[in-house]
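Descriptive analysis of the structure
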Amino acid sequence: KSIKKKLDIEEKYVVTFVGRFEELKDPLTFVEAISYVIKKIKNVKFIMIGDGHLKSDIEDRIIYLGIGRHIYFPGPAFDIDNFLAISDVFIACSATENCFSTTILEAMLSKVPCIITKAGVTEKFFIHKKDAYLVNKKNPEDLAKGVIDILRDVKLRKKLSENSLKFLGRYGFRNKI
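None of the values given here were measured: they were computed from a predicted structure. (Residues numbered from 1 in each chain as written. Predicted model: local features only at pLDDT ≥ 70, side-chain atom pairs only at ≥ 80, totals over all residues. Heavy atoms only, no water.)

Moving on, we get to the pattern of salt bridges. Taken as a whole and assessed by the stated rule, the structure comprises 7 salt bridges. Of the charged contacts in the structure, one is a salt bridge between Arg61 and Glu32, with a shortest N-O distance of 2.2 Å. With a gap of 29 residues between them, Arg61 in helix H3 (residues 55-65) and Glu32 in helix H2 (residues 27-40) connect regions that are remote in the sequence. Its salt-bridge partner being Lys158, residue Glu162 comes within 3.7 Å of it at the nearest N-O pair. One end of the pair, Glu162, and the other, Lys158, are both in helix H8 (residues 154-170), 4 residues apart, so they sit about a helical turn from each other. For Glu162, a relative accessible area of 39% gives the class partly exposed. The class for Lys158 is exposed, based on a relative accessible area of 52%. Shared partners join several salt bridges into a network, and the residues in it are Glu23, Asp26 and Lys138. (Salt bridge = Lys/Arg side-chain N within 4 Å of Asp/Glu carboxyl O. Helix = DSSP H or I, 4+ residues; strand = E, 2+ residues; numbered from the N terminus. Buried < 20%, exposed > 50% of the residue type's maximum accessible area, 1.4 Å probe, protein only.)

Turning our eyes to something else, we now look at the sheet that holds strand E4 (residues 89-92). An order of E3-E2-E1-E4-E5-E6 is seen for the 6 strands of this open sheet, with the pairing classed as parallel. Sheet topology places strand E3 (71-75) and strand E6 (133-135) at the edges, where each strand pairs with a single neighbour. In this sheet, adjacent strand axes meet at a mean angle of 20° when their direction is disregarded. (Pairing = 2+ DSSP bridges. Axes fitted to C-alpha atoms, helices over the stretch in contact; angles between N-to-C directions.)

Moving on, we get to the pairing of E3. By the bridge criterion, 3 bridges tie strand E2 (residues 44-49) to E3 in an arrangement that is parallel. Pairing of Ile47 across the sheet is with Tyr72, part of E3. Crossover E2 to E3 through H3 is right-handed. (Right-handed = clockwise from strand over helix to strand, strands pointing away.)

As a further point, take the environment of Leu65. Topologically, Leu65 is positioned in helix H3. Apart from the residues lying within four places of it in its own chain, the contact partners of Leu65 are Val31, Glu32 and Ser35. (Contact = heavy atoms within 4.5 Å.)

For the rest of this paragraph, the subject is H8. With 17 residues, H8 extends 24 Å from end C-alpha to end C-alpha; this agrees with the ideal 24 Å at 1.5 Å per step. Residue Ser164 marks the point of greatest curvature in H8, where the axis turns by about 25°. Within H8 the residues assigned to the buried category are Leu156, Arg157, Leu160, Ser161, Asn163, Ser164, Leu165, Phe167 and Leu168. At the N-terminal boundary of H8, the capping side chain belongs to Asp153, with an oxygen 3.1 Å from the backbone nitrogen of Lys155. Immediately beyond the C-terminal end of H8, within one or two residues, lies Gly172, with a positive phi of roughly 75°. (Expected span 1.5 Å × (residues − 1). Bend = angle between axes of the 7 residues up to and from the residue. Polar contact = N/O pair within 3.5 Å; in protein donor to acceptor, adjacent residues only side chain to side chain.)

Here the focus is the pairing of strand E5 (residues 114-117). Along any regular strand the residues' side chains alternate between the sheet's two faces. Alternating residues of E5 divide into Cys114 and Ile116 and Ile115 and Thr117, and every residue in both groups is buried. In this view, the connection linking E4 to its parallel neighbour E5 by way of helix H5 (residues 102-109) has right-handed handedness. Bridge analysis of E5 against E6 gives 3 bridges, and the strand direction is parallel. Pairing of Thr117 across the sheet is with Val135, part of E6.

Now the structure itself:
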């Protein structure tokens, strides 16, 4: 509550993206998904942490979609743990590879349920609705459905949160992190 207050975030739910604003991380799919989510769930704030070549494209798309009041856009940040502490969902929507991304591992260590795109070898390691919620890459509707499913289903959110530490242990990441 104190972190939300400090960041002036009053919404019930928080969905977070952390990554470079580059094609590799596909932040525009994250932005596009927001317009679908807010039609179904009103009390949600989306946080985009990062910087990169697509920053102006992202800002233009946010204005075009009229979703600016739903996004907190701090730019690059070093206190990622504070953002993860208030997050209900973490998004990794790379179009090329997600497997063992540092941001995913940090979110899982913080017990934040993750939505991850089926990119690269992701499906060889992550089990859908057990370790993470897997969605098709470059598909904002699918990403939005994942966000809505997790936010509406307390049991699924809890399961993904609890299984995240098991996942990290299974692949030897807990001690390394």
